[in-house]
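Here are the chains, one letter per residue:
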Amino acid sequence: MTIQLLIGAPATGKTERCLARVQAAQAGLPLQQVWVLVPDRAQAAAFRRRLAEKGGALGVHVGRFADLYKHLLSARGKALATISLPLQNRLIREAIHAADAEKKLTHFAPIVHFPGLVTAMRDVIVELKRGLVNVEKFMLAAENGTAAQQEMGIIYARYQARLDALGYADDEDVHRQAMALLEEDKNAAGEIALLVVDGFDQFTPAQYQGLKLLSGQAQETLITLPGAMDGTRAAHQRFAESIAQIRDDLSPQAEELAGDPHLPKAIEYLEANLFEQAHGEAIFLNEPMLLEARSPEAEAREALRWIKGLVVRAGIPLVRCAIFTPNAEVYHPLLRATAEEFGMPVRFTSDDPLTDSALATAILNLLKLPLENFRTRKLMNVLRSPYFNFLLSDADIDTLEMISRAAQVVEGREQWDETWEMLKRAPGTQGLWMDDTRNVPELPREGEAEEYQVMMDGVLTMLTPPAGRANYGEWIDWTETRFQQLKLADQLESEAERSVMLAFREILRALLVSEAVAGAAAVDYGEFIAELESLVRAEGYRENTRRRQPALVVGRMEEARGVRYDAVALLGLAEGSFPAVERADPFLDEELREALGLESRLAREQGGLFYQAVTRADRHLLMTRPYLADDGEDMEPSTFWKAAALLLDQAAEPKIDSERLLALADAGSREEVLFHAVRQKSLPRQYGFLESRWHDLQQARDALLARRSSEADSPYEGNPVSLTSQLAARFGKKYGWSASRLETYGACPFFFYVNQALGLNAQEQPQVGLNAMKLGNMMHEILELTYMQAENYAVDNLLAVLKAQAAEVFARAPEHFGFRPSALWEAEQVQYLAVLEETVRAIEEGVEWEPYRFEQRFGINGEPPLRIDLGDETILLRGLVDRIDRRADGGLRIIDYKTGGSHLSKKDLEEGLRLQLPIYALAARDALGLGEPVEGFYWHIQGAKAGSLKLARFGTDAAYNILKLHLRRILEGIRAAQFTPQAPSGGCPDYCPAAQWCWKYESRGW
Ligand code: SF4
């Protein structure tokens, strides 16, 4: 038995020596066992590839420690049946629930039903086992610890007992059993002629224990480690401990590889001087190595462009390029999206989390709907999901959503059922035009409502699981049936989606297997979904086809070891990103870790990781950092960046900002060519195939520039001059105007354009109780009926009639106005009646005026319109006058009821914001022929008083003249396509459809 320890700086030929030793061992005796152990599967693949390039060697095993352990156990007839992740999850969940049922948990009791606890406990158990901490050792250490630590011990013990009782092992147990075998059978690994351990820079306690036992039995062991024999350099700290430990424990023949590393000059200089206090002058760089980009997204784009340039121009194979990042969650999605744009195949060393995929999220949302009582917002999202075919058209879903808003269906079948009953009883309202501000919603009624009821019932029934408990097999069957009914498989378009579906089905299959092993357990639907969700959260997926094609490697910074590449980019060298901020583990704190001999979470020698990463490149190296944080604040370069920058002399550290112009030849994708061509205002002839897209983008650029300018004056923001003739035709002389449409233009021309010309309406959010429009309509109707039914207008008589009419209107209001009464509806009726009574008392004060006409229509339902002569044309108007009073001399008073609380003044008429009163006054006089108006005002029902905008104060003739001026201005503006946004003083109304995206939006304040 010989043990050799080979130490050397990166790229000094350690792996090369291993390959030569392996080939030499196999040359004479090809049947003898040779094992090569490396840290992960990626390194195993790289080692095999290099061996093959050297002519190969028969029967050499290349793998991880676990692969060798399984081989040894199997060779001794002790192969272990290992459990799958779903079965492990299930056993941990059972352990938690059993401990909770026996009242053993207090700290974790409130969260025992959360899937996250199972995941967290699994991580703890895995780490304990890898750290050689068995149940007894942990219980002992936690004896005087916190309640959480003691309860973790209880869960760990129950899980292990159940696993043992089943006769199964988890992955970490393979190590335990192998150690037992090696200790009890001193020749268990004796057939291994050569054991090579390469690519590690340090060992976990479990790995080191295995290394000690294996090297004591294998005929020859060769271990390589980076660093130097003396281990004094700061950059070598990460490896120095392992070197010293091996030298002390195993007494190997230690050899330090002499000679300079086979690295380009600049990287060699970095390797030799990184983190050294005394170093020479900064070395001159032929090509930039440091790049500052605005954001992680820009870093990802620049790094990929750099690699694409090397592949295309320098002929470097894509498989010889790699990118390493300190934060996969931030950088991997950005790299994936940009690589797709650049047409570069990418292989991530780790699987993508299943929860990152839109499909997995959509499936979980679908299955969780019944548990969330079919929350309407989520139900509508599921109905609109591209992955499910509910056999409903977009128009059907729009209508269902409109019904849910009008009837305030927030959740649940019960609310839908109430809505259908209400709509089926309600008469239709088609053709009954009231006024722009007073129309009742056009909801499906009677028979049509029934059709929508059938649709919604079908959806709810399909997605409602059977009540009670069932075993996993039955729930999986139910779930698969839903997938078939919704034709899920037919909706999958990309390879990524098919891979996600495959991973999802694997989870379901694994659940079935776990049930076969651990026995059928009856669970309710909620428990089944919680289990499924926790598995989905723990699982990853990988696109199948991409495994087979040459691809760029993207990995985490900790994986930048062992394997070498021609070109390496290191991203994220910012303060707080790399080195990462180290935090104590909330489950296994530092004190407990020390007591158990587990690795600290606070001193992970990240400098050694950086040293390893920069020395992975055989030819080209690029290091990048983001210089702006999400909130626009400067981001500090990391200490690693600064340490490298001290040693490198590049004329200027290229700082890439979003405003720079890129040479088109350096563009990484067609999108980049187009983007920069538009900015440079020219598309060279060789890119002629992009011409139509180039024109589209130029237009988009003009639109953006126009919208970003402080003056809103362009076709893209309210002045669509090319539409002039269409607008003039549509809003021509025969168009029937309402006061509210004219006022909309007066308030903000763009509001009119979006709402009236484009036909967009603001989406109303469901709210408890009546909304403002329905409440206003109901109040109007009660007052109208009261005055029409009253035999005389004495206040007492009016109040008696009001009470009776209000009762009738309240009784049919839900069907008529299309809302579901809330629990407060009874109390609200009392309140509304009191408000109306107060208004009747106030409006009937004094004896001068007598009610004369109510709900007088003009230009509606066959009634003649109001015609106003503007000189060169006559404008047609329509509307509905709430009430007209008359006094003894025949003078008329126009009243318009308002339920809202806006305070209108003289200025509103002068500025053309409120034109209703003079229009209605002219209608009473000219269209309805009722006499000469002398007064007019808005009556605030809730405040029981008239508003301060009064026609008498103005003088009716003066008001008519102002009206005509504004009518001319508005008509000219509309027909000339002048719709410049102008936020109304006091802020933009919520019901403006553009409020969500208009760049000139102004909030109404507090
Ligand atoms: S958000 Fe304001 S400025 Fe924009 S269109 Fe609406 S009312 Fe006008």
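Please read all numbers here as calculations on a predicted model, not as lab measurements.

Visitor: Residue-level account of the pairing of strand S16 (residues 565-570), with values.
Guide: With six of six residues buried, S16 is to be regarded as a mostly interior element. In the sheet, strand S9 (residues 321-325) pairs with S16 via four bridges, with the strands oriented parallel. Across the sheet, the residue bridging to Ile323 is Ala569, located in S16. Examined bridge by bridge, S16 and strand S17 (residues 617-626) share five bridges and lie parallel to one another. Along S17, the bridge assignment pairs Ala567 with His620.

Visitor: How would you explain the pairing of strand S22 (residues 866-869) if you had to name every residue and give the values?
Guide: Each regular strand shows side chains that alternate between the opposite faces of the sheet. Side chains Leu866 and Ile868 project from S22 onto a buried face, and the interleaved Arg867 and Asp869 project onto a face without burial. Across four bridges, the pairing between S22 and strand S23 (residues 874-887) is antiparallel. Each bridged residue has a counterpart across the sheet, and for Ile868 the counterpart in S23 is Ile875.

Visitor: Mind laying out the nonpolar core, listing which residues take part and the relevant values?
Guide: Membership of the largest hydrophobic core comes to 73 residues, with the highest contact counts inside it found for Leu214, Leu270, Leu570, Phe610, Leu621 and Met623. With six residues, the top contributor of residues to this core is helix H24 (residues 639-647). Ignoring sequence-local partners within four residues, the contact set of Met623 consists of Leu270, Met289, Leu290, Leu291, Leu570, Leu573, Phe610, Val614, Trp641, Ala644 and Leu648. Judged by nonpolar contacts, the second largest core, of 60 residues, contains Phe390, Leu460, Leu511 and Tyr525.

Visitor: Quick one: what's the story with the pattern of salt bridges, residue by residue and with numbers?
Guide: Summed over all chains, the structure comprises 59 salt bridges. A salt bridge links Glu401 to Arg377, with the nearest nitrogen and oxygen atoms 3.1 Å apart. Of the two residues, Glu401 sits in helix H16 (residues 394-406) while Arg377 sits in helix H15 (residues 376-384), which places them 24 residues apart along the sequence. You can call Glu401 buried: its relative accessible area is 7%. Connected through shared salt-bridge partners, Arg301, Glu302, Arg305, Glu341 and Glu672 make up one network.

Visitor: An account of the side chain of Ser215 is needed here, citing residue identities and associated values.
Guide: Position of Ser215 among the secondary structure elements: in helix H9 (residues 205-215). Of note is the side chain of Ser215, whose polar atom sits 2.8 Å from the backbone oxygen of Leu211. Those residues in contact with Ser215 that sit more than four places away from it in its chain are Met1, Ile3, Leu195, Thr221 and Leu250.

Visitor: Describe the sheet that holds strand S5 (residues 220-226), listing the residues and the values that go with them.
Guide: Backbone-to-backbone hydrogen bonds pair the strands of a sheet. The strands run either parallel or antiparallel. The sheet built from six strands is open, its strands ordered S3-S2-S4-S5-S1-S6 with parallel pairing. Whereas interior strands pair on both sides, the edge strands pair on one side only; in this sheet they are strand S3 (60-63) and strand S6 (253-256). Strand-to-strand twist across the sheet, computed as the mean angle between neighbouring axes with direction ignored, equals 15 degrees. Taken together, the five bridges between strand S2 (residues 33-37) and strand S4 (residues 192-197) define a ladder with parallel strand orientation. What sits directly across from Val36, in S4, is Val196. Contacts from helix H1 (residues 14-28) reach strand S1 (2-8), S2, S3, S4, S5 and S6, with the element oriented near 165 degrees to S5.

Visitor: Can you explain the packing of aromatic side chains? Please cite residues and give values.
Guide: Within the structure shown, the criterion is met by 38 aromatic pairs. Each ring, one from Trp478 and one from Tyr525, has its centre 5.4 Å from the other, and the planes form 75 degrees; the classification is edge-to-face. Within this pair, whereas Trp478 is found in helix H19 (residues 472-485), its partner Tyr525 is found in helix H21 (residues 525-538), the two being separated by 47 residues in sequence. Comparing Trp478 with Tyr525 shows no difference in burial state: the two are buried. For the ring pair Tyr793 and Phe854, a centre distance of 6.3 Å and an interplane angle of 70 degrees mean the geometry is edge-to-face. Taken as a pair, Tyr793 in the loop between helix H30 (772-789) and helix H31 (795-817) and Phe854 in strand S21 (residues 849-858) lie far apart in primary sequence, 61 residues in all.

Visitor: I'd like to hear about the site of the ligand, residue by residue, with values.
Guide: Inspection of the region around the ligand gives Cys748, Phe750, Phe751, Ala983, Pro984, Cys988, Cys992, Ala994, Ala995, Cys998, Lys1000 and Tyr1001 as its neighbouring residues. Its residues placed into classes, the shell around the ligand shows eleven nonpolar, no polar and one charged.

Each value, and the rule that gives it
Starting from 1, residues in each chain are numbered consecutively following that chain's sequence as written. Totals for whole chains, interfaces and linings use every residue, but because this is a predicted model, local features are given only for residues with pLDDT of at least 70 and side-chain atom pairs only at 80 or more, for both listing and counting. Processing note: side-chain calculations cover all non-hydrogen atoms of the structure and skip hydrogens and water entirely. Only protein chains enter the accessibility calculation, which uses a 1.4 Å probe; a residue whose area is less than 20% of its type maximum is buried, one above 50% is exposed, and one in between is partly exposed. Counting from the N terminus, the helices are DSSP H or I runs at least four residues long and the strands are E runs at least two residues long. A pair of strands counts as paired when DSSP detects no fewer than two bridges linking them. For the purposes of this section, nonpolar cores are sets of buried Ala, Val, Leu, Ile, Met, Phe, Trp, Tyr and Cys residues that join through side-chain atoms within 4.5 Å. The contact definition used throughout considers only heavy atoms, calling two residues in contact when any of these lie within 4.5 Å. For salt bridges, the criterion is a side-chain nitrogen of Lys or Arg within 4 Å of an Asp or Glu carboxyl oxygen. Nitrogen and oxygen atoms within 3.5 Å of one another constitute a polar contact, given that in protein one can donate a hydrogen and the other can accept it, and given that sequence-neighbouring residues count only through two side-chain atoms. A fitted line through C-alpha atoms serves as each axis, taken over the contacting stretch for helices, and the angle formed by two N-to-C directions is quoted from 0 to 180°. Aromatic rings from Phe, Tyr and Trp, taking only the six-membered ring of Trp, are treated as a pair when their centres fall within 6.5 Å; an angle between ring planes under 30 degrees marks them as stacked, one over 60 as edge-to-face, and anything in between as tilted. Nearness is judged by heavy atoms alone; a residue qualifies as near a molecule or strand once a single heavy atom is within 4 Å of it. Residue classes follow a fixed rule: Ala, Val, Leu, Ile, Met, Phe, Trp, Tyr, Cys and Pro count as nonpolar, while Asp, Glu, Lys and Arg count as charged, and any other residue, Gly among them, counts as polar.

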